[in-house]
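Spelled out, the chains give:
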Amino acid sequence: MPQPVGRDIAPAKGKLGVMLVGLGAVSTTFIAGVENVRCGAALPIGSLTQMGTIRLGKRTEKRAPKIRDFLPLARLTDLVFTAWDPIPDDAYTAAKKAGVLEPQHLEPVAAFLNGIRPIPAAFDRNYVKRLSGTNVKSGKTKRDLAEQLRADIRTFKKTSGADRLVMIWAASTEVFLTAGPAHQTMEAFERAMEQNDPAIAPSMLYAYAALMENVPFANGAPNLTVDIPVLVRLAEERRLPIGGKDFKTGQTMMKTVLAPAFKARMLGLAGWYSTNILGNRDGEVLDDPESFKTKEESKLGVLEYILQPDQYPELYGNVFHKVRINYYPPRGDNKEGWDNIDIFGWLGYPMQIKVDFLCRDSILAAPLVLDLALFFDLAQRARLSGIQEWLSFYFKSPQTAPGLYPEHDLFIQQIKLKNTLRWLMGEDQITHLGIDYYEKA
Ligand SMILES: NC(=O)c1ccc[n+]([C@@H]2O[C@H](COP(=O)([O-])OP(=O)(O)OC[C@H]3O[C@@H](n4cnc5c(N)ncnc54)[C@H](O)[C@@H]3O)[C@@H](O)[C@H]2O)c1
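Residues numbered from 1 in each chain as written. Predicted model: local features only at pLDDT ≥ 70, side-chain atom pairs only at ≥ 80, totals over all residues. Heavy atoms only, no water.

Caption draft 1: Structural context of the overall build of the protein chain. The helix and strand tally for the protein chain stands at 16 helices and 10 strands. The principal-axis extent of the C-alpha atoms belonging to the protein chain is close to 65 × 50 × 50 Å. Buried positions account for 55% of the 441 residues belonging to the protein chain. As displayed, the protein chain offers around 19,700 Å² of accessible surface, 54% of which is attributable to carbon and sulfur atoms. Across the protein chain, 53 positive and 50 negative side-chain charges occur, with their mean positions spaced 4 Å apart. (Helix = DSSP H or I, 4+ residues; strand = E, 2+ residues; numbered from the N terminus. Buried < 20%, exposed > 50% of the residue type's maximum accessible area, 1.4 Å probe, protein only. Areas by Shrake-Rupley, 256 points an atom, 1.4 Å probe, with all protein chains shown as cover. Lys, Arg positive; Asp, Glu negative; His and termini not counted. Charge placed at Lys NZ, Arg CZ, Asp CG, Glu CD.)

Now the structure itself:
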């Protein structure tokens, strides 16, 4: 058999600049967490790139290096950070207000966090109704704002001495938009920016600016952002990786573990009621019906694709699926996600499953931000361009090529991710066939 050949990957030399849009709960938990890990004060739990291993070759070979040793990833010591936010708080103040991390993880890194002050944001209240901020850019047109964002990127690259950059949207969820004429061609998109067309949301300005400055872009919220034809094409033309949408952390992560199990056993589903109570700023923003609609679409899609009701009408043809998010300040970032699942088995007998996930939203999201930063940087150095479907593992609503349905099953996503890593490094794919352990040639 011919040996697979790996991909040429440029070395991870110098610093990697992580540009975060939004300096709220997720971003500050991520930055403070990385600094704690760098100081040896905590472990990067939840991060596949830092904690995970990858099996290579046959089971008998016993080769399973750490992912971070197997691939030429940027090291944590190479990371430098910046962020934009309409709220002027530095990362320390923002982290304290977010209330996620305890003083033991904030005070020792306070000086570091104090030094990260948000760049004025391209912000517009029409897209995030429940927020207001003073640290905002002004410009006559959206195009002007995009040009200012491009200048910010160049400035950060120069002042930080970063060799490479990645940009991650960890800002508030914008109101619901669908792709329209302004999102089809570059000419239409640029004209729409110049005419302040409402079809152009601030997140699109960041994504456009990133791509124009050769920076990969990942979207951690459910907004349309980079999931529009014009920006997908721009990424392909400029050979830049893009991806999204919406970090897959708590309730939806559990859903994409449980639903495949029901389907694997051919158990039917009558209904799935998911509700959340959440008291952080994200919860407040999502209390606005228009921002909630964006989130709802992202959370609802998963069951439809996993269960394939068209193929299994008796099992999944009549599922009642409801998702609710309730803003409840006393809980802060400590979300409680309840699921009531009505399934049915042999001869149609009903059963119930209840899941009560007392999670910490940003604690779950921070390691995903880290992995995405490292993998998007790797993708760029490996010249992988356009939508990075192999990183669907991290997203509730994975972006895919037109005509392809997204893969939501967490374990299929994991296999896809790890096989992509093997492919990048010229290792054999692992199919889990295993017949050769039993049938000798
Ligand atoms: N924590 C999770 O588990 C999780 C999971 C999936 C998605 N998300 C998404 O990640 C995003 C961040 O979550 P969070 O808990 O950190 O929220 P947060 O409200 O604490 O932080 C978001 C920050 O973005 C800022 N912002 C809003 N519009 C901006 C703009 N145009 N430019 C720059 N900054 C802007 C806000 O001022 C705020 O400080 C949200 O959209 C959330 O829905 C979070």
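Structure shown, so let's carry the discussion forward.
Caption draft 2: Examining a nonpolar patch on the surface more closely. Side chains of L43, I45 and M51 sit close together on the surface and give an oily, nonpolar patch of about 330 Å² of accessible area. With respect to the helices and strands, the residue L43 is situated in the loop between α1 (25–38) and α2 (48–51). What makes L43 exposed here is its relative accessible area of 59%. (Patch = residues over 30% accessible without salt bridge, like charges linked within 9 Å, V, L, I, M, F, W, Y side chains within 5 Å. Salt bridge = Lys/Arg side-chain N within 4 Å of Asp/Glu carboxyl O.)

Caption draft 3: How the structure looks around the packing of helix α7 (residues 142–160) against helix α9 (residues 202–212). The interhelical angle for the contact between α7 and α9, taken along N-to-C directions, is 50°, at an axis separation of 9 Å. As the angle between them shows, α7 and α9 are arranged oblique. Relative to α9, α7 is oriented so that their crossing is right-handed. The residues of α9 that touch α7, namely those facing K142, R143, L145, A146, E147, L149, R150 and I153, are L205, Y206, Y208, A209, A210 and M212. Per-class residue counts for the contact of α7 with α9 are 10 nonpolar, no polar and four charged. (Axes fitted to C-alpha atoms, helices over the stretch in contact; angles between N-to-C directions. Parallel < 35°, antiparallel > 145°, perpendicular 65-115°, else oblique. Left-handed = near helix turned anticlockwise from the far one by under 90°. Contact = heavy atoms within 4.5 Å. Nonpolar A, V, L, I, M, F, W, Y, C, P; charged D, E, K, R; others polar.)

Caption draft 4: Geometry of the nonpolar core. Ranked by size, the top nonpolar core spans 60 residues in total, and within it F30, L79, F375, Y394, L417 and L421 carry the most contacts. If near-sequence neighbours (up to four positions away) are discounted, F375 is found in contact with T49, I67, L73, W390, L391, Y394, L417 and L421. Formed by 46 residues, the second largest nonpolar core is a distinct cluster that contains F156, A162, V215 and V226. (Core = buried A, V, L, I, M, F, W, Y, C linked by side-chain atoms within 4.5 Å.)

Caption draft 5: Local environment of the pairing of strand β9 (residues 350–358). Relative to β9, strand β8 (residues 336–344) runs antiparallel, the two being bridged by nine bridges. Paired with N340 across the bridge in β9 is K354. Once β8 ends, the chain turns through five residues before running back antiparallel as β9, passing L347 with a positive phi of about 65°. (Pairing = 2+ DSSP bridges.)

Caption draft 6: Quick peek at the sheet that holds strand β1 (residues 15–21). Spatial strand order, β2-β1-β3-β4-β5-β10: six strands in an open sheet with parallel pairing. Bordering the open sheet on either side are β2 (79–84) and β10 (386–387), each of which pairs with just one other strand. Bridge analysis of strand β4 (residues 217–219) against strand β5 (residues 241–243) gives two bridges, and the strand direction is parallel. Note that in β5 the partner of A218 across the bridge is G243.

Caption draft 7: Representation of α1 within the structure. In this model, α1 (14 residues) spans 20 Å end to end at C-alpha, consistent with the 20 Å of a helix rising 1.5 Å per residue. Within α1, 10 of the 14 residues are buried, which leaves the element mostly enclosed by the surrounding structure. Contact partners of the buried residues in α1: β1, β2, α4 (91–98), α5 (103–106), α6 (110–114) and α15 (361–381). G40 sits one or two residues past α1 and shows a positive phi near 80°. (Expected span 1.5 Å × (residues − 1).)

Caption draft 8: Molecular detail of the pairing of β1. Of all seven residues making up β1, six are buried, and the element is well covered by its neighbours. With seven bridges joining them, β1 and strand β3 (residues 162–169) adopt parallel strand pairing. Across the sheet, residue G17 finds its bridge partner in β3, namely L165. Bridge count for β1 against β2 is six bridges, and the pairing is parallel. Bridging across to β2, V18 finds its partner in F81.

Caption draft 9: Quick look at the packing of aromatic side chains. A full pass over the atoms with the stated rule returns 11 aromatic pairs. Judged by centre distance (5.7 Å) and plane angle (70°), the rings of W169 and Y206 are edge-to-face. Here the residue W169 occupies a position in strand β3, and Y206 occupies one in helix α9, the gap between them amounting to 37 residues. Each of the two residues, W169 as well as Y206, counts as buried. Residues F262 and W272 carry aromatic rings whose centres are separated by 6.0 Å and whose planes lie at 50° to one another, so their mutual orientation is tilted. One end of the pair, F262, is in helix α11 (residues 251–264); the other, W272, is in strand β6 (residues 268–278), and 10 residues separate them in sequence. Among the aromatic residues, those joined into a ring-pair cluster are F375, W390, F393 and Y394. Of note, K58 hangs over the ring of Y437, and the distance from its end group to the ring centre comes to 4.7 Å. One Lys or Arg, K293, reaches over the ring of F176 and ends 4.5 Å from the middle of that ring. (Phe/Tyr/Trp six-rings, centres within 6.5 Å; stacked < 30°, edge-to-face > 60°. Lys NZ or Arg CZ within 6 Å of the ring centre and 35° of its normal.)

Caption draft 10: Inspection of helix α10 (residues 229–237) at higher detail. Among the residues of α10, V230, L231, V232, L234 and A235 are the ones counted as buried. On the buried face of α10, the contacting elements are α8 (186–194), α9, β5 and β10. Backbone geometry just downstream of α10 places R239 in the positive-phi region, at approximately 55°.

Caption draft 11: The arrangement of the packing of α1 against α15 in detail. Orientation of α1 relative to α15, taken along the N-to-C sense of each, is 65°, at an axis distance of 8 Å. If you check the angle between α1 and α15, you find them roughly perpendicular. Relative to α15, the crossing made by α1 is right-handed. For the pair α1 and α15, contact is made by A25, V26, T29, F30 and V34 and by S362, I363, A365, A366, V369 and L370, respectively. Class assignment for the residues of the contact of α1 with α15 results in nine nonpolar, two polar and no charged.

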